[in-house]
Structures are given as C-alpha cells and as structure tokens.
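Structure at a glance
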Amino acid sequence: MEIQVGRIIRSSTTRFAVGCRVLRPEVPVFGSLVKVPVLDDEVYGLIYDVCMEDDPYVRQIAVQEEVRAEHIEDQRRNRQVPIEVGVLVVGYRRGGTIVHRLPPQPPTSLDVLYTCTGEGLVEFTRRFDYFRLVLDNRDLPADELLAANLRYAAEARSDGQAFLVDAGRELARLLNMDLVRLDGLLRRLRDWA
Amino acid sequence: MQDHSELDEFFAHRPPAPEAVAEVRRLGIVVSGSLSKGLGVKLDRGAVVEGMAVGRYVVVHGQTGRRFFSIITDVALDATNPALEKTPPDTSDPFLSQVYQGTATFGRLEVSPMLVLDPSTGSEPEAGEPKPVKTVPAHFSPVYEATEEDVNRVFGAGDERHFYVGNPLDMENVRVHLNLERLVERSSGVFGKSGTGKTFLTRTLLAGIVKQDTAVNLVFDMHNEYGWESQAEGRHRVKGLRQLFPGKVSVMTLDPESSRRRGSKVDFEVHIGYDQIEPEDVDMLSNLMSLTDVQINALYFLRRRLGKAWIEKLLAEGEAGEEGGPSELDMLLEDGQLHGGTLGAIQRKLGLFRRFDFLRPRVHEDVVGKIMDYLDRGLHVILEFGRYGSTLEAYILVANYLTRRIHGRYVQRMEAALGSRTDEPKPLVITIEEAHKFLDPAIARQTIFGTIARELRKYNVTLLIVDQRPSGIDEEVMSQIGTRVTALLDNEADIRAVFTGVSGAGELRQVLARLDTQQQALILGHAVPMPVVVQTRTYGPELYAEVGHVEGEALQDRLTRNVNLLQGDQEFEGFE
C-alpha cells in the first residue's frame, strides 16, 4: 500500500527534499524506498534524512516553565515550518523497466512522494547496481542508509537471509579495497540477519 | 492389466537417477596465465577448494569451441585484497563467512593445458583427435571438471596396441591406456622410492608387452620377481610371468639351487666360461672392483698376450703358484712389461670370480646363441639371478656380458636386413634393475647400456630401466628416455632427474611429490598423449584373467570342454 509522504519542495538530479507536516509511525522512515511519478517515469530514492527546523513559536514554547499539552499538540500538528525529508535519487522506471541510474530529469516541485514497499521494494532491489549511487556519497551516512534499506528489502522477502548474503557479496566486490568500511557495513547487515 | 499400465506410467515419469544426469561441474574461470607457465583459474564460490587435488583433470571450454584438456598442478588460496591476510574478518559468524567466501577470498587453481580437443563434428572421428596445445584459452573461459568421456577421448580405448595400466585419480570408471608400441619404440624407465610398487608396475608393463606381443623381453631379474611367483608386501603370493604365459615366457637361471627352492620352473641354466669373458666385460666393473686405469689397461694387455684363456691363467697363477718352468706371466714380469704390484692387484680382484659358480673355466654351450634362439622364436626370456642378485658385481657382469653380445647380433642383423622390415629381428626390450649402476655418468658413455639408450630404436633394442635413484643416471641417457613411469619420489635431485628434458616440468613436480606411497604413478612421455597420474591397476586375478590366464574352476571347465570336444558327441556309443 502506497502512502503519501509529502510534496517536493526542492529538487536536483541527485537529491531532492520533501516537506511533510506530521511524523507518523510509517512515514517518513530513514532508509526506506520512495518514488515520485515524473511525467511518464517514476523516480526512486532513499530517505536519508528527516529534519525538523525550529520556528519562533517553538522557541518560545520550549523555554516556558509550564507547557500545556494542547499547545504541544497544536504545535506539532500545525507547524509553521514543514518537516523536511531528504531523498537520495537511486534510479528510475521507464516503460516498465527499472534502471539503477540517475534519471534524465529531476522531479518538479510539489510533485507527490509515495512510499514504495512490498512488491515494489522487492522488484527494485532485485539487482544491486544502485549500491554505487549510495556508497559514493561520502557526505551522507551512506553505509547506515544502505544497511537500513537492505534490511527493509530483506524483510519484504521470504528468503531474506539469502538476499542479505547476496547483497553482502556484491558489497564485498565493490568495497574490496576498503576492508574496514566493508566490515562495518556487513556487521550492520549481520545484526539484522 | 490396468495395474500394469499404471505402474509403467509411474516409472516412465520418474526423474532419471542423479548419476544419469550428472551435470558437468563448473569449477571456475580462467583469469590469468601463459602457455609456458600454465593458467590461473579463479574458483567459483560453489567449488570446494578442498575438493580439488593436484593431478586431476579439468577441461577449459575455449571461445572457439576448442576444449583444452588440462591437469591441475597447484591449488592455492587467494584474496582480492592482500590486507585481508593481515586482518582476517570474524568468520565465526556464519553470515560474514558466507559473504567473504568466494568474493573477497577465493580458491585458485594452477592448471597446465596439455592437449586441445577440437570441436567434434560428429561425422569424422578423426577431427576429435587430441593435439598438443599451442595456445591458451581466452580470459574468463569457463573451467569444468573433466568428464569420463573427455578422459576416454584422450587416453583412448583398449585395443591390440593399447594396454590398460590404471585409472585416473578419482575416476574409477575411466581407464588409462598405454600405447605399448610407442613404449617399446624408445627406452623407458620405471622410477620410484623403494616400496612404492616399482616391481608391480614393471611386471604389469611386461605382462602387457607379452600379451600384446609388441616386442620380446629380456629381463635381468635381480630379485627373482618376474619369472615365477613371489611374495607381495601383503604376504599374498603373486604370479610371475611364466605362470601367466606358459609357453611364451622362458626362465633361465644363474643359481639353479635357489630356483629349485622357490619352485620356479627353469628352462635353462646359464654358465659362462672364463674364456668367453673379454676385458670390456670386466671394464664395466671397474668402479665396483676399484680397478685403476693402469689395471684396466693391463687387463687389455694381458688378454692380448695370454689369449682366450687369460682369466683362467690369471686365476690359476694366483692360486696354485709355481709348477715347473716359468709361466707366461713370469716372463711378462721379467720383461718389465707388467708391474708386479699391478698383476697382484688384478689377480686379487679377479679372485672374486671364483665365488661365482656360474663361471666355469670352459663352457661349451653358447648362452648368447641360446638366448637369441629363444628371442627369435618370440619367447620372452627372464634371467633369474638367485643368490647372485645381492652381488652387484655378478649382476652387472652378466647383464653387461649378455647385452653387449645380443646387441651386437642385433646390429649385425639389422644391417643385414637393410631396412627390409620382414628380415628385421623382433624389437627387444631389455629390463635392468638398479640401472644407475650401469648408467652412472662416469661410465654411461662407454657402456653398452648408455649406447642402447642413446641410439633409440635404430637397432630395435631398447631398455626398460627400473631404478630408485634416477639422479644417479647420466643426464644424456635420462633425456633419451621416452616414457617415464614414476611412483613417489621425494628426493629433490631424483625428481629433477626424472623431469630432465620434459617441458612444463616445473608444475608436474608438485604432482610427483604428492603421490601416494603405493599404487599411484605419474606416467609421462612417448606412450601417453599427456602426463597422467594413475591409480595403477592391481596386479592380481583381474589382470591374470585379462591376459588369458585361467585357473581353478575356470581351468576345470575348460578342461571338461576340451575333453568333450575331443571325445565328440556323448550320445555316440561306437560303431558296434
């Protein structure tokens, strides 16, 4: 079941940001796969960041001695600055085929972002070519991000354990020159396995 | 009836037995290598490193459909990152070890391509003949375990020219056949440490030659192991060639007493007269009898002066002393032509001959003629040494004495035949043990055995050398050995010697040094298309039966059958 996460507020070929109002249990989740319909294509991304900025009213409430529950609730539901969700682009779908490359065009502002779980997640993670697009981002917690994503992908499968072993082998191939990083990443996967 | 068809239907739909669809197992891909150094193969994740073994066969499927028939020469462990050796991952965790195995760490094979099998066209069997390898398969060509079919294609089928000698390692259903014609075409050698089964191997080869009738054998049987039955290490008795081929093998002996004790059936006792021995025969023993050059020269001089009976005279002089007038020897001494000390040393050393009962002052029969007679009739001759087998001097003296003369006659006959094949004498294979004593670098150039080994098949005489110290054999002779059958050797010098004049020897060394101590041998050279490690066939009842030996019940059956044949129809009760 697809859940709407929010609308795009900022976008580029490699990353985009989505604004949403409230934090719900299922969305937005770090490491989950999301998609945005863009014209005939669908652009896929991984949520790498969920950020809540302050506003003057929050600051005021934060320093009050007694805060009423209604105020807190009101502030959370009707926030002035939206929750900002950072998404890393990892591929797109064109004509029924999923491609693990950067899309020709980024999504446009106010396009709607949906979660991608179950079948969709399994289909996207059938191949591992998108690993490189994730691992190359040294300014992001890329390892943590990929590990989280793989855990969800494993959960969505009946043979999750075998899936993780295959993914681990692909990582061993990609990171064979950086054994410390590889080891850290594999341990993150193992803890789930 | 209904049941029947249901059953049929059930069985018809059963999946075939696993061995029937046994897929060719892929082992890995070629990742590096050269023709001279062999190929590097990265093992697939699914291939178990511990399941590989040096000496086994693999087939590389090349880009052009050619199959490169290769032998595993080394098994190694490798890693994509050398740092992995310094900081190995935590493999106690099954997940991590599963991930690392076959990716960051993997097994590696060194394989040596030996033959190329062209893609078979099906209609022309000739197209599939294995050829020597002249190129290497491309990068990432897949490598498979050799199937029985592949191995059979290389080592051929058993026919009148080929003889089954054993099975490749781990392939019990595949037979390796030796081309006996090529085996006897050049000199060959059986090497191995003592106790590795050299004698059994030799006996098997000889049985093959006798059975297929490719050549006649003359065996200098040092330890009386080839003619009549002898005891194997497992305390059971094995049959000698004479028992397997009655009527085709004839046994001669130097020591009739020993032969009688062992129950060996002997055709002929060999005696050699003192007057038949020439200085050249003694020359061969110079090392063993520590004869100096001066003493050897003196032998030739004495032979010239004393005539045919030179040894007899020398020995008589040493023994009896003076009787009557001055002897010929005294005269030589007085003339100053011979030094007293030299003569004394020669007499003392030749005194050894008195201990050899087969040496007689005068012998009327001509041993060489007798043996030639047997060989001409296609009979194989085994000369048992009895107790003299432990006296190296006797062994070398007799082997050298006979071989020199028989070879001489072969040379004459070949020259007389002048290339017309029908008149040529039958190819002769002379088997000698402790060959390094004959083919020592110091003497190999002069001795008859060195000559035979070097002149190849020119005169239809070749050697079958049985030895445990191939490093003691002259290098030039070793390089002329056509086929080498080698059981385990672990001395570095011996291993090097066995591979003298063999290309790609470096890789095969690993194979040789890791043979089992018994019933395994590496065969390389002229008689096999490529080097092969075999589990040698057991010299026992199965071989006996194959070469046509019958015994026990089978013999009784045959007897009954023959009697029936002779007596004709049982119903027939005569004319009256």
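Residues numbered from 1 in each chain as written. Chains lettered and ligands numbered in written order. Predicted model: local features only at pLDDT ≥ 70, side-chain atom pairs only at ≥ 80, totals over all residues. Heavy atoms only, no water.

1. Section: the sheet that holds strand 15 (residues 268-269) of chain B
Residue and element names in this part refer to chain B.
- With respect to topology, twelve strands assemble into an open sheet ordered 9-8-23-22-21-10-20-19-11-18-14-15, the strand pairing being mixed. Of all strands in the sheet, those bounded by a partner on one side alone are strand 9 (176-179) and strand 15.
- Along the sheet, helix 16 (residues 448-455) makes contact with strand 19 (428-433) and strand 20 (461-467), crossing strand 20 at roughly 115°. (Pairing = 2+ DSSP bridges. Helix = DSSP H or I, 4+ residues; strand = E, 2+ residues; numbered from the N terminus. Contact = heavy atoms within 4.5 Å. Axes fitted to C-alpha atoms, helices over the stretch in contact; angles between N-to-C directions.)

2. Let's talk about the packing of aromatic side chains
- Applying the stated criterion across every chain yields a total of twelve aromatic pairs over all chains.
- Ring centres of Tyr130(A) and Phe131(A) lie 5.1 Å apart, and the angle between their planes is 80°; this geometry places the pair in the edge-to-face category.
- By relative accessible area, which is 0% here, Phe131(A) ends up buried.
- Counting every residue linked through ring pairs, the aromatic cluster contains Tyr44(A), Phe124(A), Phe128(A), Tyr130(A), Phe131(A) and Phe163(A).
- The positively charged end of Arg157(A) is found above the aromatic ring belonging to Phe163(A), 3.9 Å away from the centroid.
- Sitting over the ring of Tyr164(B), Arg175(B) keeps its end group 3.9 Å from the ring centre. (Phe/Tyr/Trp six-rings, centres within 6.5 Å; stacked < 30°, edge-to-face > 60°. Buried < 20%, exposed > 50% of the residue type's maximum accessible area, 1.4 Å probe, protein only. Lys NZ or Arg CZ within 6 Å of the ring centre and 35° of its normal.)

3. As for the confidence of the model for chain B
Residue and element names in this part refer to chain B.
- Here chain B shows a mean pLDDT of 78. Residues at 70 or above account for 85%.
- Low confidence marks residues 11-22, where pLDDT is under 50. Its contacts with residues over four positions away, or in another chain, come to one contact.
- Residue range residues 123-127 is modelled with pLDDT below 50. Its contacts to residues more than four positions away, or to other chains, number two contacts. (pLDDT = per-residue confidence, 0-100.)

4. Here's the deal with the nonpolar core
- One finds Phe69(B), Phe220(B), Phe353(B), Leu402(B), Ile406(B), Ile430(B) and Phe449(B) to be the most contacted residues of the largest nonpolar core, which totals 158 residues.
- Residue contributions to this core peak at eleven residues, all from helix 15 (residues 392-417) of chain B.
- Apart from the residues lying within four places of it in its own chain, the contact partners of Phe220(B) are Leu383(B), Phe385(B), Tyr395(B), Val398(B), Ala399(B), Leu402(B), Thr403(B), Ile430(B), Thr431(B), Ile432(B) and Glu433(B).
- One finds Leu145(A), Leu174(A), Ala79(B) and Leu96(B) within the second-largest nonpolar core, a separate group that totals 43 residues. (Core = buried A, V, L, I, M, F, W, Y, C linked by side-chain atoms within 4.5 Å.)

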